[in-house]
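Each chain, letter by letter, is given below.
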Amino acid sequence: MSNPEAEPSWIARARRGDFAALPEPFTWEKTGQFAHLVHGYRVSESLGLGRLRIWANKRISEARQSGQWTGTAMELWLCLFYEHRRYRHMDEGDPEGDELCLLDQLCEQLREKLQRLRAEEHAAIMKAILVCAPGEATSLQ
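Everything numeric in this text was worked out from a predicted model, so none of it was measured.

Engineer: I'm lost on the packing of aromatic side chains in this one. Help?
Structural biologist: Given two aromatic rings, their pairing is described by the distance between the two centres and the angle made by the two planes. For the structure on display, the rule yields seven aromatic pairs. Pairing Trp 10 with Phe 34 gives two aromatic rings, centres 5.9 Å apart and planes at 35°, and the pair type is tilted. Of this pair, Trp 10 sits in helix α1 (residues 9-15) while Phe 34 sits in helix α2 (residues 32-35); the two residues are 24 residues apart in sequence, bridging distant segments of the chain. Judged by relative accessible area, which is 16%, Trp 10 ranks as buried. Classification of Phe 34 as buried rests on a relative accessible area of 0%. These aromatic residues form a ring-pair network of at least three members: Trp 10, Phe 19, Phe 26, Phe 34 and Trp 77.

Engineer: How do you make sense of the packing of helix α5 (residues 73-89) against helix α6 (residues 97-114) when you look at a structure like this?
Structural biologist: When two helices pack together, their arrangement is given by the angle between the helix axes and the distance between those axes. Two elements in contact, α5 and α6, have axes separated by 9 Å at closest approach and are oriented at 145°. Note on packing geometry: the crossing formed by α5 with α6 is left-handed. Listed contacts from α6 to Ala 73, Leu 76, Trp 77, Cys 79, Leu 80, Glu 83 and Tyr 87 of α5 are Glu 99, Leu 103, Leu 106, Cys 107, Gln 109, Leu 110, Lys 113 and Leu 114.

Conventions and cut-offs
- Residues numbered from 1 in each chain as written.
- Predicted model: local features only at pLDDT ≥ 70, side-chain atom pairs only at ≥ 80, totals over all residues.
- Heavy atoms only, no water.
- Phe/Tyr/Trp six-rings, centres within 6.5 Å; stacked < 30°, edge-to-face > 60°.
- Helix = DSSP H or I, 4+ residues; strand = E, 2+ residues; numbered from the N terminus.
- Buried < 20%, exposed > 50% of the residue type's maximum accessible area, 1.4 Å probe, protein only.
- Axes fitted to C-alpha atoms, helices over the stretch in contact; angles between N-to-C directions.
- Left-handed = near helix turned anticlockwise from the far one by under 90°.
- Contact = heavy atoms within 4.5 Å.

Here's what the structure looks like:
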């Protein structure tokens, strides 16, 4: 979990639901700390998507084939969370070439969707962020 005192101001603002603060361009390189504002494994289960590893691997496979990501803002955020976990824990190094372009596209699509959320989507995302905020004991249900 991130330390809110050490967060860049745009992440602190995003934690509070101000997604207009997300930098442009919103790239893979900038999103490591942001991706972890939600606990992707917990959120995936609570949304009925099942095990995040299985679900997220299908999403990136689809994105590789089609050249674009699909899903809601929360689904794209889960993909971002999982891809950062993959690169951090699977010793795959840093993404490069076409893979980096695909992940940058994920970040940009997520940014666009977060900035156009309907009220109910915004509330659901804020609930997911609160699950992960230090000291919070709320759930998504």
